[in-house]
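The lines below spell out each chain.
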Amino acid sequence: MTNPIIKLENISFAYPGATEKILDSLSLEVYHGDRIGMMAPNGSGKTTLFHTIMGLCRPDSGTIEIFGSPVSTEQEFQAVRSRIGLMFQDADDQLFCPTVVDDVAFGPLNLGLSADEARDRAREVLATLGIADLENAITHRLSGGQKRLVALASVLAMEPSVLLLDEPTAGLDNGVKEKLVKILNHLDISYVVISHEFNFLTAITDRVFSMESGKILSDDEVRIHQHEHMHKLGNHPHKHV
Ligand SMILES: Nc1ncnc2c1ncn2[C@@H]1O[C@H](COP(=O)(O)OP(=O)(O)OP(=O)(O)O)[C@@H](O)[C@H]1O
Ligand SMILES: [Mg+2]
């Protein structure tokens, strides 16, 4: 087997001033081509895990390797960060430019593309996501769902090697969710997606992990599944999560 592109080993982390370990000897390996879902209760540490991979939270102990190299200093994280596309849980943490096209072109510009190239790439990604018409919109005036799509566009425009999507469907209508499923299934990219939506996760991933007590539970250990049961007062079986 090839080397993992993300490897966390025995990572422990508590927020400064807090005693509770949010991550507790957590280990995780993500390989090229992996399409991993993450479904776990509110507050179980999913977002903290993503922030740890990006170097936004620094572990108290344990080791992180990204693309085969150990990363622990800001400089080392900076070197790999642009190749990992983190879509923040809150789109407002991602978007800070006046207009949509500026926001989406920001990453490519930072990667060294010319202003024209960055703009072209931004337009291309906006078109792929079906929001080309938002190009010149004022970002902070967008609806919540529109902001999430623009946030996703800004991540995809960086053409990262791996995507970390933190609840990408929150606030999206069903039509847009379906479009997102199609887009993710057509992307030739590894990703880890946090979501509370079972159907969405099973449509776009091969494995679904959970988190408990600061550790990852793999799909061998958890049985997140859909099953049929009977209505108390009816004969019609229905599906639920
Ligand atoms: N900046 C912070 N400072 C202190 N504690 C924090 C901070 N961010 C998160 N926490 C705490 O860490 C725990 C895990 O939070 P985290 O956001 O990682 O959970 P989550 O699994 O992403 O939850 P959700 O499904 O609600 O997004 C929570 O108890 C939260 O209160
Ligand atoms: Mg979260």
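Summary of the structure given here. Just so it is clear, the structure is predicted and the values come from calculations on it, not from any experiment. (Residues numbered from 1 in each chain as written. Chains lettered and ligands numbered in written order. Predicted model: local features only at pLDDT ≥ 70, side-chain atom pairs only at ≥ 80, totals over all residues. Heavy atoms only, no water.)

**A closer look at the site of ligand 1**
As a matter of local geometry, ligand 1 sits amid 13 residues, with Gly43, Lys46, Thr47, Thr48 and Gln89 nearest to it. Here a nitrogen atom of ligand 1 and a side-chain polar atom of tyrosine 15 are 3.3 Å apart. A distance of 2.8 Å separates an oxygen atom of ligand 1 from a polar backbone atom of glycine 43. Its free accessible area being 640 Å², ligand 1 has 60% of it covered by the protein chains. (Near = heavy atom within 4 Å. Polar contact = N/O pair within 3.5 Å; in protein donor to acceptor, adjacent residues only side chain to side chain. Areas by Shrake-Rupley, 256 points an atom, 1.4 Å probe, with all protein chains shown as cover.)

**Some thoughts on the nonpolar core**
Counting residues in hydrophobic clusters, the biggest one holds 41 residues, and the most contacted among them are Val104, Leu129, Val150, Leu163 and Leu184. The set of elements that each furnish at least two residues to this core consists of helix H3 (100-110), helix H4 (115-128), helix H5 (144-156), strand S7 (162-166), helix H6 (174-186), strand S8 (190-194) and helix H7 (198-204). Examining the composition of this core, we find that seven residues originate from one element, H5, more than from any other. Contacts of leucine 163, omitting those with residues within four sequence positions, involve Gly85, Val155, Leu156, Leu184, Leu187, Ile189, Ser190, Tyr191 and Val192. (Core = buried A, V, L, I, M, F, W, Y, C linked by side-chain atoms within 4.5 Å. Buried < 20%, exposed > 50% of the residue type's maximum accessible area, 1.4 Å probe, protein only. Helix = DSSP H or I, 4+ residues; strand = E, 2+ residues; numbered from the N terminus. Contact = heavy atoms within 4.5 Å.)

**Here we look at the packing of H3 against H5**
Put simply, H3 and H5 touch, their axes get as near as 7 Å, and they point 30° apart. The orientation of H3 with respect to H5, classified from their angle, is roughly parallel. With respect to the hand of their crossing, H3 and H5 are arranged in right-handed fashion. Where H3 approaches H5, its residues Val100, Asp103 and Val104 are matched on the opposing element by Val150, Ala153 and Ser154. Among the residues making up the contact of H3 with H5, the classes are represented as four nonpolar, one polar and one charged. (Axes fitted to C-alpha atoms, helices over the stretch in contact; angles between N-to-C directions. Parallel < 35°, antiparallel > 145°, perpendicular 65-115°, else oblique. Left-handed = near helix turned anticlockwise from the far one by under 90°. Nonpolar A, V, L, I, M, F, W, Y, C, P; charged D, E, K, R; others polar.)

**A few points about the side chain of serine 210**
Its location among the elements puts serine 210 in strand S9 (residues 207-212). Among the polar contacts listed, one links the side chain of serine 210 to the backbone oxygen of methionine 39, at a separation of 2.9 Å.

**With respect to the sheet that holds strand S10 (residues 215-217)**
Strand order in this open sheet of six strands is S6-S7-S8-S3-S9-S10, and the pairing throughout is mixed. Both outer strands of the open sheet, strand S6 (84-87) and S10, are each paired with one neighbouring strand and no more. Here the average twist between neighbouring strands, direction ignored, is 20°. With three bridges connecting them, strand S3 (residues 35-38) and S9 associate as parallel partners. Opposite isoleucine 36, over in S9, you have arginine 207 as the bridge partner. Across the sheet, H5 is in contact with S6 and S7; its angle to S6 comes to roughly 170°. (Pairing = 2+ DSSP bridges.)

**What about the coordination of the magnesium ion (ligand 2)?**
Around the magnesium ion (ligand 2), the protein supplies Thr47 (OG1) and Gln89 (OE1) as donor atoms, at distances of 2.0 to 2.2 Å. One end of the pair, threonine 47, is in helix H1 (residues 46-54); the other, glutamine 89, is in the loop between S6 and H3, and 42 residues separate them in sequence. The exposure class of glutamine 89 is partly exposed, given its relative accessible area of 36%. (Donors = N, O, S within 2.8 Å, 3.2 Å for Na, K, Ca; no water.)

**With respect to H4**
Taking 1.5 Å of rise per residue, the 14 residues of H4 would be expected to cover 20 Å, and the 20 Å separating its terminal C-alpha atoms lies within 8% of that figure. By the burial criterion, the buried members of H4 are Ala118, Arg121, Ala122, Val125 and Leu126. Seen along its axis, H4 keeps its buried residues to an arc of 135°; they face one direction. Turned more than 90 degrees away from the buried face of H4, the exposed residues are Asp116 and Glu124. If you follow the buried residues of H4, they end up packed against H3 and H5. Glycine 130 occupies a position one or two residues after H4 and carries a positive phi of about 75°. (Expected span 1.5 Å × (residues − 1). Arc of directions from axis to C-beta.)

**What about the packing of aromatic side chains?**
Summed over the entire model, instances satisfying the criterion amount to two aromatic pairs. Each ring, one from phenylalanine 13 and one from tyrosine 15, has its centre 4.8 Å from the other, and the planes form 80°; the classification is edge-to-face. For tyrosine 15, a relative accessible area of 35% gives the class partly exposed. With a centroid separation of 4.9 Å and 90° between ring planes, the pair formed by phenylalanine 96 and phenylalanine 106 is classed as edge-to-face. Separated by ten residues along the polypeptide, phenylalanine 96 in the loop between S6 and H3 and phenylalanine 106 in helix H3 bring together distant segments of the chain. Here phenylalanine 96 falls in the exposed class, since its relative accessible area comes to 53%. By relative accessible area, phenylalanine 106 is classed as partly exposed at 34%. (Phe/Tyr/Trp six-rings, centres within 6.5 Å; stacked < 30°, edge-to-face > 60°.)

Taken by themselves, the reported measurements are silent on function.
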